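Survey of secondary and tertiary structure
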Amino acid sequence: MSRYRKKPVVIEATQWFKNGDHPLDGVGMEAPDGRGGVYQRVEGLVVRYFRSPVVPGTGGCRHCERKMHDHGWIDTLEGGHIVCPGDFVITGVKGENYPCKPDIFAATYEKVEHEPAAI
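So, a few notes on the structure that sits alongside this text. (Residues numbered from 1 in each chain as written. Predicted model: local features only at pLDDT ≥ 70, side-chain atom pairs only at ≥ 80, totals over all residues. Heavy atoms only, no water.)

Below, the discussion takes up the sheet that holds strand β4 (residues 48-49). Pairing in this open sheet of 3 strands is antiparallel, and the strands run β4-β5-β6 from one edge to the other. Across the chains shown, the open sheet's two edge strands, defined by having one partner strand only, are β4 and β6 (79-83). The sheet contact formed by β4 and strand β5 (residues 72-76) spans 2 bridges and is antiparallel. In the strand pairing of β5, Tyr49 is matched with Gly72. (Pairing = 2+ DSSP bridges. Helix = DSSP H or I, 4+ residues; strand = E, 2+ residues; numbered from the N terminus.)

Listed below in structure tokens is the structure:
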């Protein structure tokens, strides 16, 4: 079996704890109301409220055991994923967003203090 090393790539990420935490969730919060006015949209653009017709919002999460009402939902290239409070939301190399558990994030990524100069 061949072995591979992950290429060094700089990503953007933010830790998510509640709706509105992602920096892009508040972009364009005002939306037309259809009557010539505007309303304040309360759901994020990147991380939305968790909703499921088969999973009750008061039930516990199988990952973190907190109630599902405390969770978010994110659409990824592979489909939708639950975002637990404390998960990191990563913006990938193609601009896609996906959640990552804090322990996996800590084992995989380190903070970039200074960007290398472009050559």
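Before going further, it helps to examine the packing of aromatic side chains. According to the stated counting rule, one finds 3 aromatic pairs in the structure shown. Note on Phe88 and Phe105: the rings are 3.9 Å apart at their centroids and 5° apart in plane angle, and the pair reads as stacked. In this pair, Phe88 sits in strand β7 (residues 88-91) while Phe105 sits in helix α1 (residues 102-108), placing the two residues 17 residues apart along the sequence. Aromatic rings pair up to connect Phe88, Phe105 and Tyr109 into one cluster. (Phe/Tyr/Trp six-rings, centres within 6.5 Å; stacked < 30°, edge-to-face > 60°.)

The next thing to look at is unusual backbone geometry. Backbone phi values are negative for most residues with the exception of glycine, while trans is the configuration of most peptide bonds. A positive phi angle, near 70°, is found at Glu65, a position not held by glycine. Tracing the backbone through its elements, the reader meets Glu65 in the loop between β4 and β5.

Turning our attention to the pattern of salt bridges. Note that side chains of opposite charge can pair when their charged atoms are close. Scanning the entire structure with this criterion turns up 4 salt bridges. As a salt-bridge pair, Asp21 and Lys18 come within 3.1 Å of each other at their nearest N and O atoms. Taking the relative accessible area as the measure of exposure, Lys18 reaches 53% and is therefore exposed. A salt bridge links Arg48 to Asp75; its shortest N-O distance comes to 2.4 Å. With a gap of 27 residues between them, Arg48 in strand β4 and Asp75 in strand β5 connect regions that are remote in the sequence. For Arg48, a relative accessible area of 26% puts it in the partly exposed group. (Salt bridge = Lys/Arg side-chain N within 4 Å of Asp/Glu carboxyl O. Buried < 20%, exposed > 50% of the residue type's maximum accessible area, 1.4 Å probe, protein only.)

Strand-to-strand pairing in sheets goes through backbone hydrogen bonds, with the strands running parallel or antiparallel. If you walk across this open sheet you meet the 3 strands as β1-β7-β8, and the pairing is antiparallel. In this open sheet, the two strands that pair with only one neighbour each are β1 (12-15) and β8 (97-100). On average, adjacent strands in this sheet sit at an angle of 25° to one another, irrespective of strand direction. Summarising the sheet, β7 and β8 pair through 4 bridges and their orientation is antiparallel. Bridging across to β8, Ile90 finds its partner in Tyr98. (Axes fitted to C-alpha atoms, helices over the stretch in contact; angles between N-to-C directions.)

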